[in-house]
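One letter stands for each residue in the lines below.
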Amino acid sequence: MDRSFNSPLLPKSPFSPRPRASLSTKRVLQSSFRKSSRFSVSGKSTQSVQIILSTPYNYVERFGQPLPVLITEALTFADRSTVVSARISKHGYAWVVCGRRLLIWQYRQSPVLTDTPSKKSLLNQCFELQLPQSDLAHRAELVSVFVSSGSTTPSCIAVSPEGVVRYWPAIVHEGVSVEQHVSLQGQECDSLTDIEGLGCVLATTTCTVVLIQPQLSGGRNTLKCKTLRIPTGWLGGISKRMSSLIFGPIASENSAESGIVRVLSVPSGDTWAVYVLADHNLQKWQVSKNDTEELIFVVELNRMVRDSFRSALWENCVGDQTEIDTWLLDIQSDKDGVIVLAAAVNIPISPRVHYAMISFQTNTNQTPTNIKDFLMLKMTDLYRESNTGDYLSYRFLLCGTHAYLYNQKSITVIKPHEEPDILEFNTPQDFLLAGSVCVNTAIFFSRNHGLVAISSNEMANELNLSVAGANTPAETSFNESMVVNNLSIYNMDPEEISNACKDTLSQLKAAFIFYIKNQEDAYKDILYELFPPDTAKVPGIDLLMDKVVVMMCKDLVDDVPAGDPRWNKDTPLGLGSSYSMQVLHQLEDKQKAHALYMKFLKDSGLWKQLGASTIRSTTMATVYVLGELAEKIVAAITFKNMANNNILEKAIEKAVAESDTRPENGLTFQDVFFREITQVHKGVQELVNYCEDISHSNMTPAQIVEVIHDTNEIVLGMLMDVVKYREQNLTNYKPSETVTVIAPDFLPWTASSGSDGLFNSLSQMHHHTYNYGIILTNNDRLKNNLFDQLVAVTDIILDGRKSHLESIKGTPLEAILYKQYCADRHKFMKPFLQEKRWESSAKLAEKYLDFETLMTICEATGNQRRLDDYLERFGNDGFSEFVYNWFLKENKQGKLIDMCKHVGKTKNIEKLATFLSDHPSLSWMQEIFDKKYNQAADTLRKLATDEAESVTRQKTMYSLCKLAKLASGSHDSDDYLRNVEGRLDLISYQEDVPDYVLQQFGYDTVHIRVISPKDLIHLFICKEYKEAAELEFKKALDLLAFIDDEELRQEMSLKIWRYALLRDMWDHQNLDSPLEILQNKLFFKLVDLAMVLNGDSWNLLPPLDTLLDDDSLKDFQNNTSFQFLIKAGYEHIYRSQSVE
């Protein structure tokens, strides 16, 4: 390959203009010196400009090496009247037909043949062959390029539309060919399908099928052409029209001929299944190496296809199902049979053409009688009878779980559970000429761009790396080995490292290199010395093995590029060093090195011995730390793919400014930033800081909003890739149960607080997006985009916190972190509720079980159906109990009462009953609706007795209790009702206390709580109750009946009478009429009132000696006037009672 640099056909520099060769000169032309995609592990293009067009979900990029110049010139200078077509083989060859010119080149080499010298030369060449003379336009579909068994040089068979077959045993020898004419009775040839190892199947437009087999007889190449004929036994039950379908037209038959759709060959051991799809019929042939052909079945698919479309789309529509027109467009193989792309339209109902993928089980010899699977595609087109080419020109490819529908101007990507994604080629004169699947990648031939591939914006699940052998060349120039093994690790001498450095880290690096070079005994000996086996050993925290393994992984991802001369040569060459000059390829090489390192840890047994490591003040499983470093590589690659963004460039410059490395010797800020992968989070932090700065700058609000929007796009693009990678690799970085016991925490770097995490930055980003983005803009489109971004940011923040919470479930920290998680969740969800973005908030609340938000949404929108749905969906998560408690907390018992009314209609009867049993304040309602009045009365009386917070609520409960008891119709309810009425009387006494008295003692006069009888007595007789007279003191005496403690009742009785004495002045000079004086004293007024109301005031009065025996009356004990008057009063009362 090195010699190719001196070729006169190549420019000296890969970046200099390439001279255009003359079309009349050589027909074998060297391709670009850039390496073919065969040397790329991922199959990505080696061309400098890769992305052609993209959507948020997929993108189109160049595939493999640039087109040979001969191909480019043929496409560029072809006359408008010349039909240009192309075809791609899944075995690595592609060809273009332009007039009678057939141009063939190899776009990918089989890995098995990479060391074959002749193959290497073919990879740099384009071959031109001359097609047979024809009055009709040649097409690439009538050409097949293949490699025969035992040969390393490709052969080619081409057929003219009239049926002239030309066979080149080796495409390198244009002049050596065999030609034969196939008698087709005037039929036009449609396609040529390769049957690997047997030849090709030629199909005409009217369904004649011919097997063409190249043979070598007596040293001469010949062609054997054989029409596949149906056995006689089949003809008895097949009409002439069907015979015409299978064999070709019969002269006497005047009916319309069915057109061929597609021929498909599927290998099965030593035989091949050949499917012929024509009109609405499917044939299956079995072809074997022993020169036998057998027709397995012929099946008519129209009825099954039409019925399936009708059931899926028009089952409830009025009309005849025969009005449904269907077309079969393409066929591909599946593991159990075939999948057919079909289209249908029901003109009387709608001119919309609908598409579906339909699978049939055909891997047996049984004729399929029904459809296995029917997938309606979420795409339609408009029926135009005058131009069927637009909506019936779709073909499709199957690649893993994805399907790709394409025509000349678009590719529609179909993924499970996702909306179709359409990639449109709108450039003038750009058409898609062919499609195929190569190394699990969907590739297409674009007239303007050559070979292109469809890639998802998701990262690949796992690198499929092959470990290099021990004979890796040590040169650092651009040779073939350097493109395959572009890492410096392949050129390191493990013996030298092992002998020179005896520290544990260096020894582990030497073991890794020995592993790469397949020297198993050597690396195992080093590991045995470093970490001697110990059966009693258990994983620990920050053990030597964990520290060294993490340290080596960090060194690997932070290594400087080995081939870049701008880096300081004093820097030691690292395991992750790349010989690539391009940053993106350097990052991809680091990703490969990391994948190799993970494979080494697992294959060597170290993986199972890893314990836990301390990172960001948190103890996590070491495998989590290793996975985090892989995620940071993904983040760096995503950033690099959009590094031309001005905002990102500024953030990178600020991040580099704070690092220890300076961009010197021609290094750029990007070189420095993308070298140190472990610090890639600094880029996100600086992006958010930039938003913070511009939010307080002199920019206009519109400019600020635009910057925030663009910054969010950058950050979210990276985070989405990281999260997808994390989800795809959960099982790859899963710690053992033993490790999770000692270190259960899993706190991703995207959710970690502090300078080494992104939680603070993402929280700040959330704040900016709402307060400086959404609030400031009046542009509805921009506002909607910002809300979408806000949803994504919230999702990522909460997802990380939720992952951490789930990891520490059952530990003492769970309760504390759950409370913090709920607080964060409420904070981040609040803007959606404030802006009434119900669907966005519902989506997040459903995912993160934010029941409070769900209830708020249901209440705000009055959507009872949604609430019922949540009760059903989240019943096992405690949502039902939350709803009931929420109604109580929000004082919306009426809603709960309504639920009680309809409890028979809900599936939550048991949960509601259980909840009510624990909440008597509600259970009585259910008992009322169940007409259990006695139970309801008892529940209400107990609730009222226990009530202490609200006297109003207590009064209501006693009143309801009385009504329930009356409604029960019990005969023994008199005592019960008297007790309840007494309690209502007690409440009435409390209601008689003036507000100002209550306020004097600190009572809330709006929400009055229940006051005990003892305290009520004090309120009635206290000196603060200035207007209190004999009636109020009488109420105090009446309250004694509600005190059960006899001793306390006596004490309070004495207190009432003493307070009555203290209310008046007892110093009188003239005592000639003592009874007149006593009539104006509150004490004796109270006696009179008690006598009038109760008739026995004497029994209420305490003995005089007992009454006066108190310190509060010590001033009266030496007051003779008082002594005289009180005794006179007692005497008068005694005499009055005696007379009666």
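Thresholds, definitions, all that
- Residues numbered from 1 in each chain as written.
- Predicted model: local features only at pLDDT ≥ 70, side-chain atom pairs only at ≥ 80, totals over all residues.
- Heavy atoms only, no water.
- Helix = DSSP H or I, 4+ residues; strand = E, 2+ residues; numbered from the N terminus.
- Buried < 20%, exposed > 50% of the residue type's maximum accessible area, 1.4 Å probe, protein only.
- Areas by Shrake-Rupley, 256 points an atom, 1.4 Å probe, with all protein chains shown as cover.
- Core = buried A, V, L, I, M, F, W, Y, C linked by side-chain atoms within 4.5 Å.
- Salt bridge = Lys/Arg side-chain N within 4 Å of Asp/Glu carboxyl O.
- Axes fitted to C-alpha atoms, helices over the stretch in contact; angles between N-to-C directions.
- Parallel < 35°, antiparallel > 145°, perpendicular 65-115°, else oblique.
- Left-handed = near helix turned anticlockwise from the far one by under 90°.
- Contact = heavy atoms within 4.5 Å.
- Nonpolar A, V, L, I, M, F, W, Y, C, P; charged D, E, K, R; others polar.
- Phe/Tyr/Trp six-rings, centres within 6.5 Å; stacked < 30°, edge-to-face > 60°.
- Lys NZ or Arg CZ within 6 Å of the ring centre and 35° of its normal.
- Pairing = 2+ DSSP bridges.
- Lys, Arg positive; Asp, Glu negative; His and termini not counted.
- 1 Å grid on protein atoms, 1.4 Å probe; cavity = no way out; pocket = protein on both sides within 12 Å on 5 of 7 lines; lining within 4 Å.
- Points joined across faces, edges and corners; volume = space filled by probe spheres on them.
- Arc of directions from axis to C-beta.

The helix and strand inventory of the protein chain stands at 41 helices and 32 strands. Within the span of the protein chain, comprising 1140 residues, buried residues form 50% of the whole. In the form shown here, the protein chain has an accessible surface area of approximately 54900 Å², with 48% of it arising from carbon and sulfur atoms.

So, on to the nonpolar core. If you look at the biggest cluster of nonpolar residues, it comprises 128 residues, and the most contacted ones within it are L508, F512, Y597, F600, L601, F639 and F879. Sort the elements by how many residues they give to this core and helix 13 (residues 622-641) lands first, with 12 residues. Grouped together as the second largest cluster of nonpolar side chains are 64 residues, V951, F1084, L1086 and L1104 included.

In this structure the tally under the stated criterion is 30 salt bridges. Between R566 and D671 there is a salt bridge whose closest N-O contact spans 2.9 Å. A residue pair is termed long-range when its members are at least 10 positions apart, and R566 in the loop between helix 10 (544-558) and helix 11 (583-604) and D671 in helix 15 (residues 669-675) qualify at 105 residues. For D671, a relative accessible area of 9% translates into the label buried. Note that D975 and R978 form a salt bridge whose closest N and O atoms lie 2.1 Å from each other. Taken together, the positions of D975 and R978, both in helix 31 (residues 974-991) and 3 residues apart, correspond to about one turn of that helix. R978 carries the same exposure label as D975, and that label is exposed. Overlapping salt bridges, with partners in common, bring together E846, D869 and R873 in one network.

Let us look at the packing of helix 34 (residues 1030-1039) against helix 35 (residues 1046-1062). Relative to each other, helix 34 and helix 35 sit at 165°, their axes nearing to 10 Å. By the angle class used here, helix 34 and helix 35 are roughly antiparallel. Relative to helix 35, the crossing made by helix 34 is right-handed. Of the residues in helix 35, those in contact with F1033, A1036 and L1037 of helix 34 are I1056, W1057, Y1059 and A1060. Class assignment of the residues belonging to the contact of helix 34 with helix 35 gives a composition of 7 nonpolar, no polar and no charged.

Summed over all chains, the structure comprises 34 aromatic pairs. Summarising the aromatic geometry, the rings of F512 and F600 are spaced 5.3 Å apart at their centres and angled 45° between planes, so their arrangement reads as tilted. With F512 in helix 8 (residues 504-516) and F600 in helix 11, this pair connects stretches of sequence that are 88 residues apart. Judged by relative accessible area, F512 falls into the buried class, the value being 1%. Judged by relative accessible area, which is 0%, F600 ranks as buried. When the centroid spacing of 4.9 Å and the interplanar angle of 70° are considered together, the rings of F851 and F879 count as edge-to-face. Residue F851 is found in helix 23 (residues 851-861), and its partner F879 is found in helix 25 (residues 879-889); the two are separated by 28 residues along the sequence. In terms of burial, F851 and F879 fall into one category: buried. Note that K409 overlies the ring of F431, its terminal NZ or CZ placed 4.9 Å from the centroid. Taking the ring centre of W749 as reference, the NZ or CZ of K632 above it sits at 5.3 Å.

Attention now goes to the sheet that holds strand 14 (residues 209-217). Spatially, the 4 strands line up as an open sheet ordered 12-13-14-15, and their pairing is antiparallel. In this open sheet, the two edge strands, each paired with only one partner strand, are strand 12 (189-195) and strand 15 (220-227). Going across the sheet, the axis of each strand differs from the next one's by a mean of 25°, ignoring polarity.

Let us now look at the sheet that holds strand 9 (residues 155-159). Here we have 4 strands laid out as an open sheet, ordered 8-9-10-11, and antiparallel in their pairing. With one partner strand each, in any of the chains shown, strand 8 (143-146) and strand 11 (178-181) form the two edges of the open sheet. Across this sheet, the average inter-strand angle for adjacent strands is 15°, counted without regard to direction. Strand direction decides the pairing type here: strand 10 (residues 164-168) and strand 11, joined by 4 bridges, are antiparallel. Across the sheet, the residue bridging to Y167 is V178, located in strand 11.

Right, let's talk about the side chain of R306 for a bit. If you trace the backbone, R306 turns up in helix 5 (residues 302-313). In this structure, R306 is buried with no salt-bridge partner, the nearest side chain bearing the opposite charge being D307 at 4.6 Å. Beyond its immediate stretch of four places on either side in the chain, R306 contacts Q321, T322, I324 and T326.

Before going further, it helps to examine the environment of Q366. Of note, Q366 is situated in the loop between strand 22 (350-361) and strand 23 (373-382). C-alpha of Q366 to C-alpha of F297: the two residues are 69 residues apart in sequence and 7.5 Å apart in space.

Time to look at the packing of helix 8 against helix 9 (residues 520-530). Taken N-terminus to C-terminus, the directions of helix 8 and helix 9 make an angle of 155°; their axes are 8 Å apart at the nearest point. The angle between the axes of helix 8 and helix 9 places the two elements in the roughly antiparallel class. In this structure, helix 8 meets helix 9 at a crossing whose hand is left-handed. On helix 9, the residues touching T504, Q507, L508, A510, A511, F514 and Y515 of helix 8 are A522, Y523, I526, L527 and L530. Considering only residue class, the contact of helix 8 with helix 9 consists of 10 nonpolar, 2 polar and no charged.

Here we come to empty space enclosed by the protein. To find leftover empty space, a probe the size of one water molecule is rolled over the atoms. Under the defined criterion, the tally for this structure stands at 8 cavities of 30 Å³ or more. The volume enclosed by the largest cavity comes to roughly 70 Å³. Taken together, 13 residues make up the lining of the largest cavity; nearest its centre are D559, P561, Q586, K590 and F674. Mapped onto the lining of the largest cavity, the elements with two or more residues apiece are helix 11 and helix 15. Looking at the lining of the largest cavity, the element that brings in the most residues is helix 11, giving 4 residues. The residue inventory of the lining of the largest cavity, partitioned by class, reads 5 nonpolar, 4 polar and 4 charged.

To continue, consider helix 9. Within helix 9 the residues assigned to the buried category are Y523, I526, L527 and L530. Within helix 9, the buried residues cover an arc of 95° as seen down the axis, which keeps them to one side. Along helix 9, the residues that are exposed and aim more than 90 degrees away from the buried face are D521, Y528 and E529. Where helix 9 is buried, its residues meet helix 7 (494-500), helix 8, helix 11 and helix 12 (606-609).

This paragraph deals with the pairing of strand 24 (residues 395-399). Bridge count between strand 24 and strand 25 (residues 402-406): 5 bridges; the pairing is antiparallel. Residue L397 lies in a different strand from strand 25, and its bridge partner there is Y404. Counting the residues between successive antiparallel strands, the hairpin from strand 24 to strand 25 contains 2 residues, one of them, G400, with a positive phi of roughly 65°.

Attention now goes to the environment of I1133. Following the sequence through the fold, I1133 ends up in helix 41 (residues 1120-1139). For the pair I1133 and D1088, spaced 45 residues apart in the sequence, the C-alpha separation amounts to 9.2 Å.

Turning our eyes to something else, we now look at the pairing of strand 21 (residues 337-346). Across the 10 residues that make up strand 21, a large majority, 10, are buried. Across 10 bridges, the pairing between strand 20 (residues 324-334) and strand 21 is antiparallel. Directly across from D330, in strand 21, lies its bridge partner L341. Hairpin connection of strand 20 to strand 21: 2 residues between the antiparallel strands. Summarising the sheet, strand 21 and strand 22 pair through 9 bridges and their orientation is antiparallel. Bridge assignment links V338 to a residue of strand 22, and that residue is F360. Between strand 21 and strand 22, which pair antiparallel one after the other, the connecting turn spans 3 residues.

A few words on unusual backbone geometry. A positive phi angle is found at R616, which is not glycine, with a value near 50°. Look at R616 and you get buried, because its relative accessible area is 18%.

In this section: helix 22 (residues 838-847). Buried within helix 22 are the following residues: S840, S841, A842, L844 and A845. Where helix 22 is buried, its residues contact helix 20 (780-807), helix 21 (813-834), helix 23 and helix 24 (864-873). L849 sits one or two residues past helix 22 and shows a positive phi near 50°.

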